[in-house]
Amino acid sequence: MKMNTDTILSFNKTQDNWFDRVSKEMNRYLPLIIFIFGVIGNILNIFVLSQRNLRSNACGWLFLMASIANLISILFGLITRILLGWTTDPTETISWICKLRTFTVFSSRTIGFWLLAFATIDRWLLSSTEANRRKRSTLKNAYYGTIIIVIISICLYAQMVVCYEANLIGTPLKCYSKNLACRYSTDLVYALVTILSPLSVMFLFGLLTILNIQQSHQRTRRVIHDRLIHNLTLSSTDTTLRQQQKKTDRYLLFMLFSQTILLALFTIPQAIYRIYSTVIDQNVLLTRSSLESFIYNFVLLLSFIANGMPFYIYTLSSPLFRRIFLDRLKEYSLKVCHPIKKIFK
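Residues numbered from 1 in each chain as written. Predicted model: local features only at pLDDT ≥ 70, side-chain atom pairs only at ≥ 80, totals over all residues. Heavy atoms only, no water.

An account of the packing of helix α3 (residues 58–86) against helix α4 (residues 95–127) is requested, with residue identities and associated values reported.
Helix-helix packing: each pair is described by the crossing angle between the helix axes and the interaxial distance. Direction vectors running N to C along α3 and α4 enclose 160°, while the axes themselves pass 8 Å from each other. With respect to each other, α3 and α4 are oriented roughly antiparallel. Judged by the twist between their axes, the crossing of α3 over α4 is left-handed. (Axes fitted to C-alpha atoms, helices over the stretch in contact; angles between N-to-C directions. Helix = DSSP H or I, 4+ residues; strand = E, 2+ residues; numbered from the N terminus. Parallel < 35°, antiparallel > 145°, perpendicular 65-115°, else oblique. Left-handed = near helix turned anticlockwise from the far one by under 90°.)

Structure follows, in structure tokens:
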């Protein structure tokens, strides 16, 4: 019996050591890879979406602001994770850095996700067959929505200044919520408000948008049929402009749907783990194994992939985005190369 107990203990110790090594290697290389691709992707996103014909569109503006929020989240969230893999993480020992990092990461991520949710609502309004709803899809409302989302997100996570402390023991990170009450207020708000709620809004209004598009197609077919019966023709200019606008709206909608699906895949695991560790198993932090620490670190890094992937989604899913990106590169290269050519003439 004693031998069996010793064997089990030895196996558990070996398993813990293996997960510790894997976690160490993961924390050393994966954050750096996500950081490089995330920073480059978001900078290129801002570079493209700042184009006039996109930023003058309500949905394009919301994408632009979401990219800025994602870039801030990656810069503040992953630099310390990279330091942890190679040297020491200052958030583990210095309280004010711990508080600043967590507040900035949580609030900027909330801003980014809710801006995308708002963009889904904007697509629903614009695709509606009712004129009054379509009129509400304006750049002015996008500005107001952005300001409201930023203010609410900042207020929502102001509690981080009080709840988070450095040098904690028995927690997933040394910079973490200092007591159970703080864990309830931060983990549940993050899981429900930052992750699950905006994803639910994206999913709901995405389905409603599809229904609107189907109704719009049926209505268009009826109009064309009626005009053909009465031998009426549409102005070629009006037809071209309408087709271009519909094409832009269709690409933006597809970009939005693609991003919503991948956001869910990369962020829901962290939301589930936070709810589990806070509500279902309140003692998980006190009995945390190497496996649990590995899972926590893995789902944490997955959530940063969600902040860094938009540019690559847009590039793969939208011919319009690819064309504008290439046009912007050509325009920028001409501005840079022309003065250099003058120097060497």
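Next comes the rest of the description.
Would you mind going over the pattern of salt bridges in detail, with residue names and values included?
Per the stated rule, a full pass over the model turns up five salt bridges. Where lysine 99 meets glutamate 165, a salt bridge forms, and the shortest distance between an N and an O atom there is 3.2 Å. With lysine 99 in helix α4 and glutamate 165 in strand β1 (residues 164–165), this residue pair connects regions lying 66 residues apart in the sequence. Overall, glutamate 165 belongs to the partly exposed group, its relative accessible area being 24%. (Salt bridge = Lys/Arg side-chain N within 4 Å of Asp/Glu carboxyl O. Buried < 20%, exposed > 50% of the residue type's maximum accessible area, 1.4 Å probe, protein only.)

Give a description of the packing of aromatic side chains that names residues and reports values.
Counted under the stated rule, the structure contains nine aromatic pairs. Considering the side-chain rings of phenylalanine 106 and tyrosine 164, the 6.3 Å spacing of their centres and the 65° angle between planes classify their relative orientation as edge-to-face. One end of the pair, phenylalanine 106, is in helix α4; the other, tyrosine 164, is in strand β1, with 58 residues separating them in the sequence. Tyrosine 164 carries the same exposure label as phenylalanine 106, and that label is buried. Between phenylalanine 106 and tyrosine 190 the ring centres are 5.0 Å apart and the planes differ by 55°, which places this aromatic pair in the tilted class. Of the two residues, phenylalanine 106 is situated in helix α4 and tyrosine 190 in helix α8 (residues 180–229); the sequence distance between them amounts to 84 residues. Here a set of aromatic residues connected by ring pairs shows up, and it is made of Phe106, Tyr157, Tyr164, Tyr176 and Tyr190. Positioned over the ring face of phenylalanine 304 is arginine 109, at 4.6 Å from the centre of the ring. We note arginine 274 situated over the ring of tyrosine 190; from NZ or CZ to the ring centre the distance is 4.9 Å. (Phe/Tyr/Trp six-rings, centres within 6.5 Å; stacked < 30°, edge-to-face > 60°. Lys NZ or Arg CZ within 6 Å of the ring centre and 35° of its normal.)

Let's hear about the side chain of serine 128: which residues, and what values?
Within the secondary structure layout, serine 128 lies in the loop between α4 and α5 (131–135). Beyond its immediate chain neighbours, meaning those up to four positions away, serine 128 contacts Arg133, Arg134 and Asn212. (Contact = heavy atoms within 4.5 Å.)

Quick rundown of the nonpolar core? Include the residues and the values.
Nonpolar side chains in soluble globular proteins generally cluster together in the buried interior. Ranked by internal contacts, the top residues of the largest apolar core, which has 69 residues, are Tyr164 and Leu263. For this core, the element with the most residues is α3, which contributes 13 residues. The contact partners of leucine 263, leaving out residues within four places of it in the chain, are Phe113, Leu116, Leu199, Met202, Ile268, Ala306 and Met309. (Core = buried A, V, L, I, M, F, W, Y, C linked by side-chain atoms within 4.5 Å.)

Describe the packing of α3 against helix α6 (residues 139–156), listing the residues and the values that go with them.
α6 packs onto α3 with a crossing angle of 25° between their chain directions and a minimal axis gap of 8 Å. One way to sum up the angle between α3 and α6 is to call them roughly parallel. The handedness of the crossing between α3 and α6 is right-handed. Between α3, through Ala58, Trp61, Leu62 and Met65, and α6, the contact on the second element is made entirely by Leu139, Ala142, Tyr143 and Thr146. When its residues are assigned to classes, the contact of α3 with α6 shows seven nonpolar, one polar and no charged. (Nonpolar A, V, L, I, M, F, W, Y, C, P; charged D, E, K, R; others polar.)

I'd like to hear about the state of the cysteines, residue by residue, with values.
Scanning the model with the defined rule gives two disulfides in all. There is a disulfide in this structure between cysteine 98 and cysteine 175, and the S-S distance comes to 1.9 Å. Looking along the S-S bond of the cysteine 98-cysteine 175 disulfide, the torsion reads about 85°, which is the right-handed sense. Here cysteine 98 is found in helix α4, whereas its partner cysteine 175 is found in the loop between β1 and β2 (176–177), with 77 residues between them in sequence. In this pair, the class of cysteine 98 matches that of cysteine 175, namely buried. Residue pairing for cysteine 163: its cysteine sulfur links by disulfide to cysteine 182, the two sulfurs lying 2.4 Å apart. Across the S-S bond of cysteine 163 and cysteine 182 the torsion is about -75°, and the bridge reads as left-handed. In this pair, cysteine 163 sits in helix α7 (residues 160–163) while cysteine 182 sits in helix α8, placing the two residues 19 residues apart along the sequence. (Disulfide = S-S within 2.5 Å.)

Any functional reading would require information beyond the geometric quantities listed.
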